[in-house]
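Below are the chains, spelled out letter by letter.
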Amino acid sequence: MKIAIISRDPSLYSTRRMFEEAKANGHIVHIIDPLLCYMTIASQRPTIHYKGEELTEFDAIIPRIGASITFYGTAVVRQFEMMGVYSLNESVAISRSRDKLRSLQLLARKGVGLPVTGFAHSTKYTKDLIELAGGAPLVIKLLEGTQGIGVVLAETDKASESVIEAFRGLKQHILVQEFIKEAGGADIRCFVIGEKVVAAMKRQGNEGEFRSNLHRGGNATLARLTPEERLTAVRAAKIMGLNVAGVDLLRSNHGPVIMEVNSSPGLEGIEKATQKNVAALIIDFIEKQAKPGRTRTRGHG
Ligand code: ADP
Ligand code: MG
């Protein structure tokens, strides 16, 4: 097959690993920087051009769209879909998963376990919002944050109020969430491919840190999942419409609750912690799924 990895940086571990595994299986692989793609939008024959050449005859793409380029990146993916190229994760699903509020609403709709979460635009009724989220301690998060930056634990109602007002004063959108204390500063990253969790790791924050992000100094080890956790992770990926997803959950005393669903989950942490060849499993999945015209939405929505 002819496969394109849509990634800004060929030297990233994840990009490199998928490139190697696809090559090893005899595929032709290109790494394409989405920001250097340009396109024509015509009803007869949509095209994509890259460095002066038209991109043709691709059977599949692997989108690795960074959060900061979601808008243009998903437009490029959509264009491939319009051309009938199979995309490992489709553009609509990527956009959906990038919006934390929308994701939580979609998951809640289907009855997936979530921490009690509130959000508001105005700070007029902050006290009421705090009460609705169950009162302190509360976790307050910037909607746009990643890698644990912009996630704050407020121990008292008064502190919650100040943090919410400070963030809103900076015109930031936020979530106010029940603090899952019993998770003990750890979360579980479930790597989902198709309808299976193929690898899972437990990430534990440093001593005294409630955030488990590896970027914040957390460490990762192989995790054994309960059947309920497996089911929850697979359902969450499915609801988001993602074939490949990194589903993060917390072990709460009312069962697994979803933190977030990532559409470009990194491979380095999970491959190292679990010793599984996740990149090869992704390529296997594409080989089974990527038939011409198999893109479900064809750029729709
Ligand atoms: P980011 O997108 O920045 O990674 P997350 O929502 O994943 O933000 O939060 C970062 C980390 O903080 C999580 O991995 C988890 O360890 C911890 N955390 C987040 N929300 C809660 C919560 N409601 N209760 C307990 N811990 C939480
Ligand atoms: Mg996270």
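Residues numbered from 1 in each chain as written. Chains lettered and ligands numbered in written order. Predicted model: local features only at pLDDT ≥ 70, side-chain atom pairs only at ≥ 80, totals over all residues. Heavy atoms only, no water.

Colleague: Could you clarify how one ought to interpret the overall build of the protein chain in this entry?
Modeller: Per the secondary structure count, the protein chain includes 9 helices and 16 strands. Taken against the 2.2 N^0.38 rule, which gives 19 Å for 301 residues, the C-alpha radius of gyration of the protein chain at 20 Å falls within 12% of a compact globule. Each principal axis of the C-alpha distribution contributes one length, and for the protein chain these read about 60 × 40 × 35 Å. When each of the 301 residues of the protein chain is scored for burial, the buried share is 53%. If you take every contact in the protein chain between residues at least 6 apart in sequence, the share linking residues at least 24 apart comes to 66%. Taken as a whole, the protein chain presents about 14700 Å² of accessible surface, with 52% of it coming from carbon and sulfur. For the protein chain, the distance from the average position of its 40 positive side-chain charges to the average position of its 32 negative side-chain charges is 3 Å. (Helix = DSSP H or I, 4+ residues; strand = E, 2+ residues; numbered from the N terminus. Rg over C-alpha atoms; globule rule 2.2 N^0.38 Å. Buried < 20%, exposed > 50% of the residue type's maximum accessible area, 1.4 Å probe, protein only. Contact = heavy atoms within 4.5 Å. Areas by Shrake-Rupley, 256 points an atom, 1.4 Å probe, with all protein chains shown as cover. Lys, Arg positive; Asp, Glu negative; His and termini not counted. Charge placed at Lys NZ, Arg CZ, Asp CG, Glu CD.)

Colleague: How do you make sense of the nonpolar core when you look at a structure like this?
Modeller: Leu107, Cys190, Val197, Ala233, Val247, Ile258 and Val261 are the most contacted members of the largest nonpolar core, which totals 28 residues. Secondary-structure elements contributing two or more residues to this core are helix H4 (100-109), strand S12 (186-193), strand S13 (196-204), helix H7 (227-240), strand S15 (244-252) and strand S16 (255-262). With 6 residues, H7 is the single largest residue contributor to this core. Contacts of Val261, omitting those with residues within four sequence positions, involve Ser97, Leu107, Ala236, Met240, Leu242, Ala245, Gly246 and Val247. If you look at the next biggest cluster of nonpolar residues, it comprises 26 residues, including Met18, Met201, Ala279 and Ala290. (Core = buried A, V, L, I, M, F, W, Y, C linked by side-chain atoms within 4.5 Å.)

Colleague: So what exactly am I meant to see when it comes to the site of ligand 1 here?
Modeller: Neighbouring ligand 1 are 20 residues, the closest being Lys141, Gly148, Glu178, Ile180 and Asn213. Contact distances for ligand 1 include 3.1 Å between an oxygen atom and a side-chain N or O atom of Asp187. Considering ligand 1 on its own, with 540 Å² of exposed area, one finds that the protein chains cover 97% of that surface. Those elements that provide at least two residues to the shell around ligand 1 are strand S9 (138-142), strand S11 (174-178) and S16. A domain-level breakdown of the shell around ligand 1 finds at least three residues from each of domain 2 (96-113 + 182-276) and domain 3 (117-179). (Near = heavy atom within 4 Å. Polar contact = N/O pair within 3.5 Å; in protein donor to acceptor, adjacent residues only side chain to side chain. Domains from an automatic or database assignment.)

Colleague: Looking at this structure, how should I read empty space enclosed by the protein?
Modeller: A water-sized probe, rolled over the atoms, reveals where empty space remains. As enumerated under the stated definition, the model contains 2 cavities of 30 Å³ or more in all. In this structure, the largest cavity spans a volume of roughly 50 Å³. Met18, Ile62, Pro63, Arg64, Leu88, Asn89, Val244, Ser263, Ser264, Pro265 and Ile282 together form the lining of the largest cavity. The residue makeup of the lining of the largest cavity includes at least three contributed by each of domain 1 (2-90 + 285-289) and domain 2 (96-113 + 182-276). Looking at the second largest cavity, its volume works out to about 40 Å³. Lining the second largest cavity, in full, are Phe119, Ala120, Ser122, Thr123, Thr126, Leu129, Ile164, Arg168 and Ile174. The set of elements that each furnish at least two residues to the lining of the second largest cavity consists of helix H5 (126-132) and helix H6 (157-169). (1 Å grid on protein atoms, 1.4 Å probe; cavity = no way out; pocket = protein on both sides within 12 Å on 5 of 7 lines; lining within 4 Å. Points joined across faces, edges and corners; volume = space filled by probe spheres on them.)

Colleague: Is there a simple way to explain the packing of H4 against H7 in this structure?
Modeller: Two numbers describe a pair of packed helices, the interaxial angle and the distance between the axes. As a packed pair, H4 and H7 sit with axes 10 Å apart at the nearest point and diverge in direction by 115°. Considering the relative orientation of H4 and H7, their crossing is right-handed. Mapping the contact onto sequence places Ser103, Leu106 and Leu107 in H4 and Ala236, Ile239 and Met240 in H7. Here the contact of H4 with H7 is built from residues that sort into 5 nonpolar, 1 polar and no charged. (Axes fitted to C-alpha atoms, helices over the stretch in contact; angles between N-to-C directions. Left-handed = near helix turned anticlockwise from the far one by under 90°. Nonpolar A, V, L, I, M, F, W, Y, C, P; charged D, E, K, R; others polar.)

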